[in-house]
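Residues per chain, in single letters:
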Amino acid sequence: MPGTPPQRNGGPTLREVLLHKGYLRLLLVSALVGIPVSLAAFGFVGLEHELQHWIWESLPKTAGYDRAPWWWPLPALLLAGLLLAPVVTRLPGHGGHVPVDGLGGPPTPPRAVPGVVLAALACLPLGAVLGPEAPLMALGGGLALLAVPAARRAEQPELVAVLGTAGASSAISTIFGSPLVAGVMLIEAAGLGGPRLIALVLPSLLAGGVGALVFTGFGHWTGLAIGALSLPKLPASGVPDPGDFLWGVPLAAAIALVCVAGQTIGRRVKAFTAADTARSTAARTVLCAVAVGCCLALYALLTDRSPEEAALSGQATLGALAADPAAWPIGALLALVLCKGLGWSIALGSLRGGPIFPAILLGAALGVACAPLPGFGTAPALTVGLAASGAAVTRLPVTSAVLAAALLGGEAAAAMPLLIVATVTAFITAEALRGRPGRAGAAAGVGRAADTP
């Protein structure tokens, strides 16, 4: 760990680590780095949100439509593919890692940050069924490393890991609705213990707190929305009864099955797009983007609803679903799971973005679709959907439980027993479905703890 005293037989104590002058300097740098990183992240998500609003709401009204017509995703995703293809094939870093590989791995080098930003802005506003969390983490980690000279980065890989993680935490400090979610994610994904774990988490937690402060302040000052994952209105939740668990456990397992199936398709799509030549990769990337657009158009045709509900990361649709579940017929919810799920699967292996946000919407939609079952209900079904989908897609059960609790807000206390059971059920089911680690590959998990320095 950079900035820690020389180790004795048992290594340094936690007190020695925390009071060492090198580590105190690291904390100071982490806090200072959190300010410019969070400003850059705020600008990125603000721009992405404004572009998304213009493409899917303002532009259709300008063209004379009350809402985006069913065919709107086709040209939008075609344009996304055409913009993404040269970034993937020509720029350093290839626009960031493929979403099906998860969010783990080493920090993004600074020279790859422009490609990550361009790839995200090409995909996310135009309707790619992916979230902003992966590009934000790459942006934050890459910018944080600019605080360290290249020569020192080469000499001290552990310093790169800590600062990169702190920058990522600052960038996503509020995108999950609470900076604590990012902190718990880092604890669970680190794969460390003892003083090393605390020494890694504190810079990240400090940078995340600074980032949350900047996000909050600039959000009020500018009036810009960042599209954070949140549920402003929820159905009232009571203490779970036996019927909630009777239906909740198999529902959590079914949601895990849907998520793992999507990741499996995503890995096959990734293999398809990884062609021998840059020209073939570009062509296949565009083809996959158009296929995502077809999935979104199919949803609009099947339901006579706006394709925007199935497009994008799903924050807005998740909020609308939680606020008024009765406005969603079961057929529309199942069509959303089918069409958005297939679009998400294809995007996981070909486009650029994060895997988590759309998966949470899929889990919530499948949960609400099962709410009319006898002895069940909307509130427990939504709880199971939020918790199970997060655990299945991230492979981080504690993070998923904290994220679901943060989304449920004041309703979380009563729902906590069901939330935890759903999280554990989905996590075990997903791991069982993935099988042996060698066969699972890099299944879209945030964890990938073995790859994290």
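The text that follows walks through the structure, step by step, so that each part is easy to find. Not measured: the values here are computed from a predicted model. (Residues numbered from 1 in each chain as written. Predicted model: local features only at pLDDT ≥ 70, side-chain atom pairs only at ≥ 80, totals over all residues. Heavy atoms only, no water.)

Remarks on the overall build of the chain
Definition in use: Here a helix means four or more residues in a row that DSSP labels H or I, a strand means two or more in a row labelled E, and each is numbered from the N terminus. Each residue gets one of three labels from its accessible area relative to the maximum for its type: buried under 20%, exposed over 50%, partly exposed in between, using a 1.4 Å probe on protein chains only.
Looking only at helices and strands, the chain has 18 helices and zero strands in total. Burial statistics for the chain: of 453 residues in total, 56% are counted as buried.

A look at the state of the cysteines
The criterion, for reference: Our working definition of a disulfide is a cysteine sulfur pair at a distance within 2.5 Å.
Summed over all chains, the structure comprises zero disulfides. We note that C339 lacks a disulfide partner, and the nearest cysteine sulfur, in C295, lies 6.7 Å from it.

What about the pattern of salt bridges?
Convention followed: Within this document, salt bridges are pairs made up of a side-chain nitrogen of Lys or Arg and a carboxyl oxygen of Asp or Glu, the two lying within 4 Å of each other.
Scanning the model with the defined rule gives five salt bridges in all. A salt bridge links R67 to D304; the nearest nitrogen and oxygen atoms lie 3.6 Å apart. In this pair, R67 is assigned in the loop between α2 (21–62) and α3 (73–90) and D304 in the loop between α11 (278–303) and α12 (315–323), connecting sequence segments 237 residues apart. The partner of D101 in a salt bridge is K270, with the nearest N and O atoms 2.8 Å apart. Taken as a pair, D101 in the loop between α3 and α4 (113–123) and K270 in helix α10 (residues 242–273) lie far apart in primary sequence, 169 residues in all.

So, the packing of α10 against helix α15 (residues 378–394)
Cut-off, in case you're wondering: Comment: axis = line fitted to C-alpha atoms, over the contacting stretch for helices; angle = value between 0 and 180 degrees taken between N-to-C directions. Here a crossing is called left-handed whenever its near helix is offset anticlockwise from the far helix by less than a right angle, and right-handed whenever the offset is clockwise. By definition in these notes, contact holds between two residues if any of their heavy atoms fall within 4.5 Å. Gly is put with the polar residues, along with every residue not named as nonpolar or charged; the nonpolar set is Ala, Val, Leu, Ile, Met, Phe, Trp, Tyr, Cys and Pro, and the charged set is Asp, Glu, Lys and Arg.
Where α10 meets α15, the closest approach of the two axes is 8 Å, and the angle between their N-to-C directions is 35°. Seen along the crossing, α10 lies across α15 with a hand that is right-handed. In contact with D244, G248, L251, A252, I255, A256, C259 and Q263 of α10, α15 contributes P380, A381, V384, G385, A388, S389, A392 and V393. Of the residues contributing to the contact of α10 with α15, the split by class is eleven nonpolar, four polar and one charged.

Quick notes on unusual backbone geometry
Excluding glycine, residues mostly have negative phi values, and the peptide bonds linking residues are mostly trans. Of note in this structure, H94 is not a glycine but carries a positive phi near 55°. Despite not being glycine, D304 shows a phi value in the positive range, around 60°.

Remarks on the nonpolar core
Selection criterion: Nonpolar cores were defined as sets of buried Ala, Val, Leu, Ile, Met, Phe, Trp, Tyr and Cys residues, with membership established by side-chain atoms within 4.5 Å.
Core analysis: the largest hydrophobic core is formed by 106 residues, its most contacted members being L136, F176, L351 and L386. Looking at which element gives the most residues to this core, the answer is helix α14 (residues 356–369), with eleven residues. When neighbours within four sequence positions are excluded, L136 is seen to be in contact with A41, F44, V45, A171, I172 and I175. By size, the runner-up hydrophobic cluster in this structure holds nine residues, among which are L27, L145, L159 and V160.

Re the side chain of E133
For clarity, the cut-off: For this count, His and the chain ends are skipped, Lys and Arg are scored as positive, and Asp and Glu as negative.
Residue placement: E133 occurs in helix α5 (residues 133–144). Comment: no salt bridge for buried E133; closest opposite-charge side chain is K340, at 11 Å. Those residues within four positions of E133 in sequence are excluded, and the remaining contacts are L103, I172, F176, G354, P355, I356 and F357.

Looking at the environment of R395
Quick reminder of the rule: For the purposes of these results, a polar contact is taken to be a pair of N or O atoms within 3.5 Å, where, inside protein, one atom must be able to donate a hydrogen and its partner to accept one; residues adjacent in sequence count only when each atom of the pair is a side-chain atom.
Within the secondary structure layout, R395 lies in the loop between α15 and α16 (397–408). Separated by 293 residues in sequence, R395 and G102 place their C-alpha atoms 9.7 Å apart. For R395, the side chain forms a polar contact with the side chain of E431, separated by 2.8 Å.

What to know about the packing of aromatic side chains
Note the threshold: Two rings belonging to Phe, Tyr or Trp (six-membered ring only in the last case) form a pair when the distance between their centres is within 6.5 Å. Interplanar angles under 30 degrees mark stacking, angles over 60 mark edge-to-face geometry, and anything in between is tilted. For a ring to carry a charge above it, either NZ of a lysine or CZ of an arginine must fall within 6 Å of the ring centroid while also lying within 35 degrees of the normal to the ring plane.
Evaluation of the coordinates by the stated rule reveals two aromatic pairs. Their ring planes at 80° and their centres at 6.0 Å tell us that Y65 and W71 sit as a pair that is edge-to-face. Where W71 meets W72, the ring centres are 5.6 Å apart and the plane angle is 45°; that geometry is what we call tilted. Here the basic side chain of R284 rests over the ring of F272, its NZ or CZ set 4.8 Å away from the ring centre.

Regarding α3
Rule in force here: Given the number of residues in a helix, its expected span is that number minus one, multiplied by 1.5 Å. Bend, at a single residue, is the angle you get between axes fitted to the 7 residues ending at that residue and the 7 residues starting at it.
In a regular helix each residue adds 1.5 Å, so 18 residues correspond to 26 Å; α3 covers 26 Å between its end C-alpha atoms and thus fits that length. By the largest-angle criterion, L84 marks the main kink of α3, which is about 25°, and a proline, P86, follows within four residues. Along α3, the residues that are buried comprise P73, A76, L77, A80, G81, L84, A85, V87 and V88. For α3, the elements touching its buried residues are α2, α4, α11 and α13 (330–350).

A word on the side chain of D244
Counting through the fold element by element, D244 comes out in helix α10. Contacts of D244, omitting those with residues within four sequence positions, involve V239, G375, F376, P380 and L418.

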